[in-house]
Amino acid sequence: AAAAASAFTENAAAVATRLERWLHGHGVVAVRRKFDSAATGIAAGAMRRLLASWYDEAAGVLAIAGVTAGDDHPTRTLALDLPRSIDECDTVLFTEVPVGLSVRHVVGTARDTAYDQDRAGTVVTVDLSACASMRWLDDETLCGQGALQSVVLPPGLEEIGNDVLHRCVNLVTVDFSACVSLR
């Protein structure tokens, strides 16, 4: 029992550390890890246990059970890094989506400098707003993404290649508001 409790605590700490890195990548300057009051410490412990309960170590994702009846995706999966042993993930927090991984939402982070993914057509939203180092989108980057509805472009974007959004028939929103350097 002590070994299981120790493994649980280590797993919770690893998930909390990865979440903290993700928050830093999205502009959160500081994450408090030490708390002054006992009540705050209890809440932090509860949050760590919750995150650990969501973590699927075999797949390398957070798997959050849905609560909505009739939901098409009863369990939402969130991958902070490349998932293992699964071929479908609801949301990924990286932009280099490998061939064969079906994804609905792509959220880039400060570490991402390019957007690369297969043309499976399952992506609904792409948010590159935290990709401060991304300067261009290659030709046909999002071409043919039939399910794509919304794109938020990165703040440092300087150049967009040819046919980047070609054949994105369901595209409703493209947010250029942060693109002050776009030529």
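The present account deals with the structure reproduced in this document. Position numbers for residues start from 1 in each chain and track the written sequence from start to end. With pLDDT at 70 or above as the cut-off, local features in this predicted model cover only qualifying residues; side-chain atom pairs require 80 or more to be listed or tallied, and sums for whole chains, interfaces and linings still use all residues. Working from all heavy atoms in the structure, the side-chain values ignore hydrogens and water.

## A few points about the side chain of T77
Applied cut-off: Put simply, DSSP marks the helices as runs of H or I at least four residues long and the strands as runs of E at least two long, and each gets a number from the N terminus on. Under this definition, polar contacts are N or O atom pairs within 3.5 Å; protein pairs additionally need one hydrogen-donor-capable and one acceptor-capable atom, and for neighbouring residues in sequence, both atoms have to be side-chain atoms. We call two residues in contact when some of their heavy atoms are within 4.5 Å.
Tracing the backbone shows T77 in strand β3 (residues 75-79). Here the side chain of T77 touches D90 through a polar contact of 2.9 Å, landing on its backbone nitrogen. Excluding residues that lie within four positions of it along the chain, T77 makes contacts with V61, L62, A63, E88, C89, D90 and T91.

## Some details on the pattern of salt bridges
Inclusion rule: Note on definitions: salt bridges are taken to be side-chain nitrogens of Lys or Arg within 4 Å of carboxyl oxygens of Asp or Glu. Each residue is placed in one exposure class: buried if its accessible area under a 1.4 Å probe, protein chains only, is under 20% of its type's maximum, exposed if it is over 50%, and partly exposed if it falls in between.
Summed over the entire model, instances satisfying the criterion amount to three salt bridges. The residue R104 makes a salt bridge to D90 at a minimum N-O spacing of 3.1 Å. Note that R104 is positioned in strand β5 (residues 102-107) and D90 in strand β4 (residues 88-92), a separation of 14 residues in sequence. Looking at R104, the relative accessible area reads 26%, which means it is partly exposed. D90 sits in the buried class, given a relative accessible area of 10%.

## Quick word on the sheet that holds β3
For clarity, the threshold we go by: Two strands pair under a simple rule: DSSP has to find at least two bridges between them.
With mixed pairing, eight strands are arranged side by side in an open sheet as β1-β2-β3-β4-β5-β6-β8-β10. Among the strands making up the open sheet, the edge pair consists of β1 (55-56) and β10 (173-175). Pairing of β1 with strand β2 (residues 61-65) involves two bridges; the strand directions are antiparallel. Each residue of the ladder has a partner; that of Y55, found in β2, is L62.

## Let's talk about the side chain of D90
A distance of 3.4 Å separates polar atoms of two side chains, one belonging to D90 and the other to R76. Once residues lying within four places of it in the same chain are set aside, the contact partners of D90 are R76, T77, V103, R104 and H105.

## Side note on a nonpolar patch on the surface
We apply this condition: The residues that make up patches have over 30% relative accessible area and no salt bridge, and they are joined within 9 Å when like-charged or within 5 Å when they are Val, Leu, Ile, Met, Phe, Trp or Tyr. Residue exposure ignores everything except the shown protein chains as possible cover, and the areas themselves are Shrake-Rupley values with a 1.4 Å probe.
On the surface, I160, F176 and L182 cluster together to form a nonpolar patch covering roughly 220 Å² of accessible area. Along the polypeptide, L182 turns up in the segment after β10. Among the residues examined, L182 registers a relative accessible area of 30% and is labelled partly exposed.

## Thoughts on the nonpolar core
Formally: Think of a nonpolar core as a cluster: buried Ala, Val, Leu, Ile, Met, Phe, Trp, Tyr and Cys residues, connected wherever their side-chain atoms sit within 4.5 Å.
Ranked by size, the top nonpolar core spans 25 residues in total, and within it V92, V106, Y115, V126 and L137 carry the most contacts. Ignoring anything within four residues of it in the chain, the contact list for L137 reads Y115, L128, L153, L157, E159, I160, G161 and V164. Listed in part, the eight residues of the second largest apolar core include V15, L51, L80 and L93.

## Focus: the pairing of β5
In this sheet, β5 lies alongside β4 in parallel orientation, the contact comprising four bridges. Across the sheet, the residue bridging to V92 is V106, located in β5. Note: β5 against strand β6 (residues 125-127), three bridges, orientation parallel. Following the sheet pairing, V106 is matched in β6 by V126.

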